[in-house]
Amino acid sequence: MRNQDIVIRPFIGAADTEKLSDIWFDASMKAHPFIGESRLVEQRKLIEDEYLPKSETWVACCAGETTGFISLLDSFIGGIFIAPAWQGRGIGGKLIAHALTLKGELSLEVYTANEQAVCFYRALGFTEVSRRDVDDFGYPYPNTTLQLKR
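Keep in mind the model is a prediction, meaning the values are calculated, not measured. (Residues numbered from 1 in each chain as written. Predicted model: local features only at pLDDT ≥ 70, side-chain atom pairs only at ≥ 80, totals over all residues. Heavy atoms only, no water.)

Peer 1: What's the story with the pattern of salt bridges in this structure? I'm lost.
Peer 2: Two side chains with opposite charge may pair up if their charged atoms get near one another. Within the structure shown, the criterion is met by 11 salt bridges. Salt-bridge contacts for D135 lead to R39; the nearest nitrogen and oxygen are separated by 3.9 Å. Here R39 lies in helix α2 (residues 37–54) and D135 lies in the loop between β6 (127–132) and β7 (143–149), a separation of 96 residues in the sequence. Both residues of the pair, D135 and R39, count as buried. The salt bridge partner of E128 is R122, with a shortest N-O separation of 3.1 Å. Overall, the relative accessible area of 34% leaves E128 in the partly exposed class. Via salt bridges that share partners, D22, R44 and E48 belong to a single interconnected network. (Salt bridge = Lys/Arg side-chain N within 4 Å of Asp/Glu carboxyl O. Helix = DSSP H or I, 4+ residues; strand = E, 2+ residues; numbered from the N terminus. Buried < 20%, exposed > 50% of the residue type's maximum accessible area, 1.4 Å probe, protein only.)

Read these as geometric descriptors, not functional statements.
Here it is, written out as structure tokens:
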């Protein structure tokens, strides 16, 4: 697959929510097994009811199939998730490039234990600006804040 085969479109709300929730859950199970399935099941409702409706979300499609998304809170990436079967095909990079074009700079937090994601962001030019020892829910999962500027 080439980058030009990836179409990025705006989030359509209710029409996209279930599919994006599935992508979020499947990708989170792969990237964040340390969180545990029961906590991810609990968080899924927040994704559907709070995060997706309140963020600026862009959806990646390949061959007519929804394959991933990025959700922005101004220039902060609240989440970027690619369906596991579609990872490694340039979709994440294309979503980041789209967001960077829109915002001019980006920041995000990532679990340091998610080494694949940390390497992905660093390869795109993100640099570390800070670290913390707990996640947003107060659990002992270290996070790093990364930033990218044009």
